[in-house]
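# Survey of secondary and tertiary structure
Letter by letter, the chains look like this.
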Amino acid sequence: LTSAISKTEADFLTNLIRIAQPKTTLEIGCAEGVSSMVICEAIGRENTHTIMDPNQSGHWKSMGVNNLKRAGFSNFTLIEDYSEFVLPSLLKEGKRYDFIFVDGWHTFDHTLIDFFYLNRMLQVGGIIVIDDVSMPAINKLARFVYTYPCYKFYGSLTYPPGYKRKAIELIKS
């Protein structure tokens, strides 16, 4: 695997989902499908996980979707388009989510646009996990999100000395 969350991150996501018991989940970015498999497993077969990845069949050669299918998952829907086009449509349709994992395009502007729409679709009490906050652009976005009064910092992964935290979790209150 060249683009996947670690076992530590997978365990962290699993624990968050088991505690929160979300009914509606959304993920931006699928790549090789590791985080998607973790989420699909944690939410149970009766819930459907929505995944956005514009490059799944192109750059990733459907690796994420094929890994999900090989692992026996069918409780997901892939939207193969850019989040900046899909998210406004989902908002207009009135979609709401209890748990969101953001691991998409790692620039400040793209992640800010994602957050703008996700903030409006996240249920009160819902959790948004932002991956890769050790990257400067994503860290800048995370610091910006901390200024929103309706979010509280829930936690982050703890790594050995020398590692920067990689994911943060925010709960909308």
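Higher on the page you've got the structure.
Presented here is an overview of the structure given in this document.

Rules used in this analysis
- Residues numbered from 1 in each chain as written.
- Predicted model: local features only at pLDDT ≥ 70, side-chain atom pairs only at ≥ 80, totals over all residues.
- Heavy atoms only, no water.
- Buried < 20%, exposed > 50% of the residue type's maximum accessible area, 1.4 Å probe, protein only.
- Helix = DSSP H or I, 4+ residues; strand = E, 2+ residues; numbered from the N terminus.
- Arc of directions from axis to C-beta.
- Axes fitted to C-alpha atoms, helices over the stretch in contact; angles between N-to-C directions.
- Parallel < 35°, antiparallel > 145°, perpendicular 65-115°, else oblique.
- Left-handed = near helix turned anticlockwise from the far one by under 90°.
- Contact = heavy atoms within 4.5 Å.
- Nonpolar A, V, L, I, M, F, W, Y, C, P; charged D, E, K, R; others polar.
- Phe/Tyr/Trp six-rings, centres within 6.5 Å; stacked < 30°, edge-to-face > 60°.

Turning to helix α6 (residues 136-145), a few remarks are in order. The complete set of buried residues in α6 reads Ile-138, Leu-141, Ala-142 and Val-145. Around the axis of α6, the buried residues are gathered within 100 degrees of arc, so they sit on the same side.

A separate point is the packing of helix α1 (residues 7-20) against helix α2 (residues 34-43). It is the contact of α1 with α2, at a shortest axis distance of 9 Å, that shows an interaxial angle of 30 degrees. What the angle tells us is that α1 and α2 run roughly parallel. Like other packed secondary-structure pairs, α1 and α2 cross with a definite hand, here right-handed. Where α1 abuts α2, its residues Ala-10, Leu-13, Thr-14 and Ile-17 lie against Ser-35, Val-38, Ile-39, Ala-42 and Ile-43. Considered class by class, the residues forming the contact of α1 with α2 number 7 nonpolar, 2 polar and no charged.

A complete count under the given rule lists 6 aromatic pairs for this structure. For the pair Tyr-82 and Phe-85, a centre-to-centre distance of 6.1 Å together with 90 degrees between the ring planes defines the contact as edge-to-face. Assessed through its relative accessible area of 52%, Phe-85 is described here as exposed. With centroids separated by 5.2 Å and ring planes inclined at 85 degrees, the aromatic side chains of Phe-115 and Tyr-148 adopt a geometry described as edge-to-face. Here Phe-115 is found in helix α5 (residues 108-121), whereas its partner Tyr-148 is found in the loop between α6 and β6 (151-156), with 33 residues between them in sequence. According to the relative accessible area criterion, Tyr-148 is partly exposed, its value standing at 22%. Ring pairing ties together the aromatic residues Phe-115, Phe-144, Tyr-148 and Tyr-151, which thus form one cluster.

Just geometry here; none of it tells us what the structure is for.
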